[in-house]
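Residues per chain are reported as follows:
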Amino acid sequence: MKILKIDHLGIAVNSIDQGRGFWSDILGLHYEGSETVAEQKVTTAFFPVGESEVELLESVTPDGPVAKFIEKKGEGIQHVAFRVENIDEALAELKQKGVKLIDEQPRIGAGGAKIAFLHPKATGGVLVELCQRD
Ligand code: ZN
């Protein structure tokens, strides 16, 4: 598998409107607007930082994965996303190595990227996302 870079850091917030002030007003990062990914029950907002991005995540329902994360751990870094050259190959390789996956098949995330999550039990407690952008 070829990992190209850290694509983004996913940060869980209660409210993008309230949470983005620090990132845009104080750090001066460019706010590109938000997008709701209904299937994942989340609204996301991206802030480019050099070659990577900060992604804020706000749950759209109380039972969504981001809401559950905040309930358990509070607001903060929820996942690390690596950009891979070929996500299908990467998942096949991980499966072959016996790595527990949340997504056996890629799904479509924000911005039309192909994404898949690895299980934190297989990664030392870090929720890892793979993404491929064409
Ligand atoms: Zn992400």
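The coordinates are above.
Cut-off values and rules
Residues numbered from 1 in each chain as written. Predicted model: local features only at pLDDT ≥ 70, side-chain atom pairs only at ≥ 80, totals over all residues. Heavy atoms only, no water. Donors = N, O, S within 2.8 Å, 3.2 Å for Na, K, Ca; no water. Tetrahedral: all angles 85-135°; square planar, octahedral: opposite > 155°, others 65-115°. Helix = DSSP H or I, 4+ residues; strand = E, 2+ residues; numbered from the N terminus. Buried < 20%, exposed > 50% of the residue type's maximum accessible area, 1.4 Å probe, protein only.

Undergrad: I keep staring at the coordination of the zinc ion and nothing clicks. Help me out?
TA: Reference geometry at the metal: tetrahedral coordination by four donors gives ideal angles of 109.5 degrees; octahedral coordination by six donors gives 90 or 180 degrees. The coordination sphere of the zinc ion contains the protein donors His8 (NE2), Glu55 (OE), His79 (NE2) and Glu129 (OE), at a distance range of 2.1 to 2.3 Å. Considering all 4 donor atoms around the zinc ion, the spread of angles at the metal, 82 to 171 degrees, places the coordination shape in the irregular class. Here the donor residues of the zinc ion share one chain and are spaced in sequence as H-x46-E-x23-H-x49-E. Of the two residues, Glu55 is situated in strand E4 (residues 52-59) and His79 in strand E5 (residues 76-84); the sequence distance between them amounts to 24 residues. What makes Glu55 buried here is its relative accessible area of 6%.

Undergrad: Would you mind going over unusual backbone geometry with me for this structure?
TA: Excluding glycine, residues mostly carry a negative phi; peptide bonds, for their part, are mostly trans. Backbone geometry at Lys41 places phi at a positive 55 degrees, although glycine is not the residue there. Within the fold, Lys41 resides in the loop between strand E2 (34-37) and strand E3 (42-49).

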